[in-house]
Amino acid sequence: MKKKVLILSGGISKERLISLDTGLQVAKELKKNGYKVKISEPDNNLEKNIKNFKPNVIFNALHGQFGEDGYIQTILERFNIPYTHSGVIASAIAMDKEISKKIFIKNKIKTPKFFTYLYDINNLDLLKKIKNKFKFPVVVKPLNEGSSVNVYICNEKNIFRILNLIKQYKKVMIEEFIGGREIQVAIMGNNKLGAIELKPKRRFYDYKAKYNASAKTKHIIPVELPKKKLNEVLSTALKAHKIIGCKGVTRSDFKFYNEKFYLLEINTQPGMTKLSLVPEIAAFKGISFIKLIEWILKDASTKK
Ligand SMILES: Nc1ncnc2c1ncn2[C@@H]1O[C@H](COP(=O)(O)OP(=O)(O)O)[C@@H](O)[C@H]1O
Ligand SMILES: [Mg+2]
């Protein structure tokens, strides 16, 4: 008999709509293939939904805060039902760009230079600090969002306006801007699944470039890189996946500039929407959407 799958999607993060879309795509594909599916929000009804539906496995299609950062994983451990993707600790570490970048650096994985800003020094001192460490433009971003939400490329003129715009975070990252190419790598278990290059028509790979087909971001697969370079970026993604302790499928986001790869972040719950990259990389490798989902379900476990 085919398994019963409870899909967790929606949630309270700024990536709620993307998560609903990921959940819907996964649900459609599973239903088409004879699975019993129930979609649930990670809200107060979750426990009731689990008790009534009695799923064999939970597909975590949440993105961002509370879904990808260890919080929901802690709750899921309680039910003793296998759930997909990374566990509590790896999710928490990967979601925090400051902590994960420190781990990358310790393990000799190149990542853009950065510091965190706590809104605690005056503008003049901040300018001095930026100019001491790197130069403009810089990238300003939250430590624990996704989908490019509140990521800004800033120059000396607009940085204070931008910092003010996102001061609700209280702590943000100021990062060296890396030009060049945008390359993302999917890891599946302990295997290098493949890479894809994104060529946004917009200034960078922002929310619209990611999710609006009309933004016409070019997806290039296979990536045009010499074999050795391609293997270098695939190996770096696998190394990041392993040192953070990730499970299942992850997607690592890189910039490639001056023959060097810079790891921006590792995503423990990559999107599965129609424009999402992991399904596209998998398809290129001959792994259909349903095969990818079935692999993720099989890999699910508790106590990670
Ligand atoms: N240091 C950087 N240099 C150049 N572009 C960057 C940098 N950091 C982020 N970006 C751009 O912003 C996008 C989103 O940044 P990322 O760190 O991956 O955060 P998110 O978790 O929101 O995806 C990247 O894919 C890239 O296009
Ligand atoms: Mg990213």
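*Asks:* Can you break down the coordination of the magnesium ion (ligand 2) residue by residue, with the values?
*Replies:* Protein coordination of the magnesium ion (ligand 2) is provided by Asp253 (OD) and Glu265 (OE), with donor distances spanning 1.9 to 2.0 Å. Within this pair, whereas Asp253 is found in strand S11 (residues 249-257), its partner Glu265 is found in strand S12 (residues 260-267), the two being separated by 12 residues in sequence. Pair check on accessibility: Asp253 and Glu265 agree, each one buried.

*Asks:* Give me the lowdown on the environment of Ala300, citing residues and values where you can.
*Replies:* Summarising the element assignment, Ala300 is placed in the segment after helix H11 (289-299). Sequence-distant contacts of Ala300, defined by excluding residues within four places in its chain, comprise Val57, Pro82, Tyr83 and Thr84.

*Asks:* Break down the pattern of salt bridges for me, with residues and values.
*Replies:* Summed over all chains, the structure comprises 19 salt bridges. Two residues, Lys51 and Glu47, come together in a salt bridge whose shortest N-O distance is 2.9 Å. With Lys51 and Glu47 both in helix H2 (residues 46-53) and 4 residues apart, this pair spans about one turn of that helix. Residue classification places Lys51 among the exposed positions, given a relative accessible area of 52%. Residue Glu232 pairs with Lys229 through a salt bridge whose shortest N-O separation is 3.0 Å. Placement of both Glu232 and Lys229 in helix H9 (residues 227-244) is noted, with a separation of 3 residues, approximately one turn of the helix. Overall, the relative accessible area of 35% leaves Glu232 in the partly exposed class.

*Asks:* Could you give an account of the pairing of strand S9 (residues 191-199), naming the residues involved and the relevant values?
*Replies:* Of the pairings in the sheet, the one linking strand S8 (residues 181-188) to S9 comprises 7 bridges and is antiparallel in character. Among the inter-strand pairings, Gln184 is bridged to a residue of S9, identified as Ile196. Two successive antiparallel strands, S8 and S9, enclose a turn made up of 2 residues, where Gly189 displays a positive phi of approximately 65°. Direction of pairing for S9 relative to strand S10 (residues 218-220): antiparallel, over a ladder of 3 bridges. Its bridge partner lying in S10, Glu197 is registered against Ile220.

Here is what the cut-offs are and how they apply
Residues numbered from 1 in each chain as written. Chains lettered and ligands numbered in written order. Predicted model: local features only at pLDDT ≥ 70, side-chain atom pairs only at ≥ 80, totals over all residues. Heavy atoms only, no water. Donors = N, O, S within 2.8 Å, 3.2 Å for Na, K, Ca; no water. Helix = DSSP H or I, 4+ residues; strand = E, 2+ residues; numbered from the N terminus. Buried < 20%, exposed > 50% of the residue type's maximum accessible area, 1.4 Å probe, protein only. Contact = heavy atoms within 4.5 Å. Salt bridge = Lys/Arg side-chain N within 4 Å of Asp/Glu carboxyl O. Pairing = 2+ DSSP bridges.

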